[in-house]
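# Tertiary structure, described
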Amino acid sequence: MTIRRSSNDRLALGALLVLAVGTFTVGTDGFVLNGLLPAIAADLRVSEAVAGQLTTVFAVTYAISSPLIAAFTGRLDRRWVLGVGMVLFTIGMAGQALGESFAVVAVARVLAALGAAAFQSNAYVLAGALSSDERRGRALATVSNGMSVSMVLGVPIGVVAGNWFGWRAVMWGIGAVALVVMLLVPLLPGVRMPTVSLRDRLAVVARPPIARVLGVSVLGTAAGFAAFVYLPVLVAPVAVGATISWLLVGFGIGQIAGNAFAGRATDSLGPSRVRSISLIGTVVTFALLDVAVLSLPGSLVLALASGVFGGMLMVPQQHRLFSLAPDAPTVAMGLNGSAIYGGGALGAALGGVVLSSAGAWWIGPVAAFVALLGFALSVPSRAKVPEPA
């Protein structure tokens, strides 16, 4: 793969940190909204169920726009795409802070999602393109850690700030950080990915190996969301109120640890082994969910373990996609982002169906089964070229 880079061929730590702060900002916006829903619903004079659709609007917009943005911006320097993405995201955050009606805030969510889709997948592309093969896993993990840290720090800080200063102040705060990232983007090394026709870019998903990897992302994410969206219901006998927030923080800490391990392990063991550890660990964790939630310590161990194994999945997935689509890595990363958001929506819906029809005790087994399907899909078939160990 030929990449036109800046004169400095080594991705500096400072550049990785800028990208990580960007993914932290996007992740905080995505995760903090649920904790602020009651205040948003009251302010916009809608029910909490209607206010919750702001999350759906964001997820659907991201899932649809991410591969399209990648397809239509393939010729551009990645810095332009990152910068414009942060501009749209910042405008979206300001629109949410200023919006006086649900419709206006929903439109602002669309703008924020478009910006997030443009920034996030290209952050991984830039990190992967500018790093050597031997250090690519660690570079991807550094950027991915921004999302994990947003769960540990961004969400609790956002919820506390929302209680003290109001949800609109939280939107302004996220927008201010996004503005700083936007101003730093021009300082990043320049990268232009290989030129590929629009038809070839959009056909990336039709390649069987890539389709399998994306399917694993959908199923792996769906397994986690099927359980943790309904965490308050699952742990209600032993944890309520602020205690649940600590469980979510534990989950985020686990994600950081799993993501950090995945970065180095992917470089040393290969993406296939790390992905297998992640999915098998997720199967075992959710299979034991009903036992773990009988006590607060067990619930905390469950949260940490789920975070560790879940946090290990995306680095080998991104590494594999980068190797499978060297001619169109931007599109492949964008499709993976869509798969993640699509898996989240699928898992939340599946968990809701199980909860209403069979009861909370079946959520763990169903989540474990979904993760097992992901593992089965990840096993290379004899008909295709074996994945690197």
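Up top you'll find the structure we're talking about.
Now for a look at the structure at hand. The model shown is predicted, which means the values in this text are computed figures rather than measured ones. (Residues numbered from 1 in each chain as written. Predicted model: local features only at pLDDT ≥ 70, side-chain atom pairs only at ≥ 80, totals over all residues. Heavy atoms only, no water.)

## A look at the overall build of the chain
To be explicit about the condition: Elements are defined by DSSP. Helices are runs of H or I of four residues or more, strands are runs of E of two residues or more, and each kind is numbered from the N terminus. Only protein chains enter the accessibility calculation, which uses a 1.4 Å probe. A residue is then buried if its area is under 20% of the maximum for its type, exposed if over 50%, and partly exposed in between. Two residues qualify as a contact provided that any one of their heavy atoms is within 4.5 Å of a heavy atom in the partner residue. Under the convention used here, a 1.4 Å probe and the Shrake-Rupley method define accessible areas, while residue burial counts only the protein chains that appear.
Counting its regular elements, the chain contains 17 helices and two strands. Classification of the 389 residues of the chain by burial places 53% in the buried group. In the chain, 85% of the contacts between residues at least 6 apart in sequence involve partners at least 24 apart. In the structure as shown, the chain presents an accessible area of about 16,100 Å², 72% of it carried by carbon and sulfur atoms.

## Description of the side chain of Arg109
Here is the rule we go by: What qualifies as a polar contact is a pair of N or O atoms within 3.5 Å, subject to a donor-acceptor requirement within protein and to the restriction that residues adjacent in sequence count only when both atoms come from side chains.
Along the chain, the position of Arg109 falls in helix H5 (residues 102-130). Residue Arg109 is classed as buried on the basis of its relative accessible area, which comes to 1%. In terms of polar contacts, Arg109 uses its side chain to reach the side chain of Asp29, at 2.8 Å. Residues in contact with Arg109, not counting those within four places in the same chain, are Asp29, Leu33, Leu54, Val57, Phe58 and Gln96.

## Comments concerning the packing of aromatic side chains
The condition is simple: Any two rings among Phe, Tyr and Trp, with Trp reduced to its six-membered ring, count as a pair given centres within 6.5 Å; such a pair is stacked if its planes are under 30 degrees apart, edge-to-face if over 60, and tilted if neither.
Throughout the structure, instances matching the rule amount to one aromatic pair. Ring centres of Trp164 and Phe165 lie 6.2 Å apart, and the angle between their planes is 85 degrees; this geometry places the pair in the edge-to-face category. What makes Trp164 exposed here is its relative accessible area of 67%.

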